[in-house]
Amino acid sequence: MKALSIAATGMMAQQTNVDVISNNIANANTTGFKASRAAFQDLIYQSMQREGALTSEAGSTRPVGIDIGMGVQTAGTVRLNTQGGMVATENQLNVAIDGRGYFSVTLPDGNQAFTRDGSFQLSPEGEIVTMQGYRVEPGLVVPENTTAVEINEQGVVMAYVENDPEPVELGQFSLTTFVNEPGMRPVGNNFLLATEASGEAQVVNPGDPGAGMIRQGYLEASNVNVIQQITDLISAQRAYEMNSKSIETADQMLSAANQIR
């Protein structure tokens, strides 16, 4: 009887499903977070009788076979890169990406990470950095005695210094896009890394074709739909219970067989 092992794979798959859903719910208020879903695929099949096998000397063939599946496995976790809502903060260093693209951040080891979290701050030297203090490319520095910072939709950063009525242009934020965004690897701290699956990073300016616009004074909220996640959680729980019931039923059948004298 294969039911025990088949149902066990189902329970493990639903456990993974619950883990993914739980992480989504936990990050419902995380800036720029993208929800994920677990994707599953069936395992190999044991063919008891082949489709199309001859059933007579006259050449008739079997229209269907007898194929017993071995269960289910997790194929991957797919990140859903839909746009999150805009949350007004009135902080002049908070920026959100309205559309495709990521901010590029230089990590302490020199590698590049990518994020949708635009809750930027200033370093002691006046450089625009992330909440962790990592430099946001292309490394813009706000002068001392700056009274206001303006960032337009194309990512151009301008600073008003002291009483000067004319702003000083500091540079322009760049965005990075990927052919296959779900192929990026999450590493925590709202950072993603490029991989072979994501394709090469393509540096663009905000507002370019295929790239988003910059919204100053806003942050992108998580795209987690809590109601949908709760519904999915209930569905996963019921599927887990049904697989558990399959194991219980298989155990009762084996017990009955063992008691035959």
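Residues numbered from 1 in each chain as written. Predicted model: local features only at pLDDT ≥ 70, side-chain atom pairs only at ≥ 80, totals over all residues. Heavy atoms only, no water.

- The chain appears in an unreviewed UniProt entry as Flagellar basal-body rod protein FlgG from Sulfitobacter indolifex HEL-45.
- You can read under Subcellular location (unreviewed entry) in the UniProt record for the chain the words "Bacterial flagellum basal body".
- Under the UniProt heading Sequence similarities (unreviewed entry), the entry covering the chain gives this text: "Belongs to the flagella basal body rod proteins family." (UniProt positions renumbered as here; feature names shortened; annotations may be inferred.)

**Re the nonpolar core**
Working step 1: Counting residues in hydrophobic clusters, the biggest one holds 18 residues, and the most contacted among them are F103, F120, I151, V157, F173 and I214.
Working step 2: Breaking this core down by element, the ones donating at least two residues are β6 (95-98), β12 (146-151) and β13 (156-161).
Working step 3: Those residues in contact with I151 that sit more than four places away from it in its chain are Q92, V95, V156, V157, F173, I214 and Q216. (Core = buried A, V, L, I, M, F, W, Y, C linked by side-chain atoms within 4.5 Å. Buried < 20%, exposed > 50% of the residue type's maximum accessible area, 1.4 Å probe, protein only. Helix = DSSP H or I, 4+ residues; strand = E, 2+ residues; numbered from the N terminus. Contact = heavy atoms within 4.5 Å.)

**Section: the UniProt feature "domain: Flagellar hook protein FlgE/F/G-like D1" (unreviewed entry) in the chain**
Working step 1: The residues that UniProt annotates with the feature "domain: Flagellar hook protein FlgE/F/G-like D1" (unreviewed entry) are residues 96-159.
Working step 2: Structurally, residues 96-159 is divided into 0% helix and 42% strand, and its ends, taken at the C-alpha atoms, are 19 Å apart.

**Notes on the pairing of β13**
Working step 1: As paired elements, β12 and β13 share five bridges and run antiparallel to each other. Across the sheet, the residue bridging to V149 is A159, located in β13.
Working step 2: Linking β12 back to β13 in an antiparallel pair, the connection comprises four residues, with G155 at a positive phi of about 80 degrees.
Working step 3: Linking two consecutive strands that pair antiparallel, namely β13 and strand β14 (residues 168-172), is a turn of six residues; a positive phi of about 50 degrees is found at E162 within it. (Pairing = 2+ DSSP bridges.)

**Things to note about the environment of Q202**
Working step 1: Inspection of the secondary structure assignment puts Q202 in strand β18 (residues 202-204).
Working step 2: Taking C-alpha positions, Q202 is 53 Å from A53, a pair spaced 149 residues apart along the chain.
Working step 3: Apart from residues no more than four positions distant in its own chain, Q202 is found in contact with L175, T176, T177 and V179.

**Side note on unusual backbone geometry**
Working step 1: The step from E137 to P138 runs through a cis peptide bond, and the omega angle for that step is 10 degrees.
Working step 2: For N145, which is not glycine, the phi torsion reads 65 degrees and is therefore positive.
Working step 3: Even without being a glycine, N189 presents a positive backbone phi close to 60 degrees.
Working step 4: With respect to the helices and strands, the residue N189 is situated in the loop between β16 (185-188) and β17 (191-193).

**A look at the sheet that holds β14**
Working step 1: Taken in spatial order, the three strands make up an open sheet running β12-β13-β14, and their pairing is antiparallel. The open sheet has two edge strands, β12 and β14, and neither has a second partner. Taking the axes of each pair of neighbouring strands and ignoring which way they run, one obtains an average angle of 20 degrees across the sheet.
Working step 2: By the bridge criterion, four bridges tie β13 to β14 in an arrangement that is antiparallel. Across the sheet, the residue bridging to V156 is Q172, located in β14. (Axes fitted to C-alpha atoms, helices over the stretch in contact; angles between N-to-C directions.)

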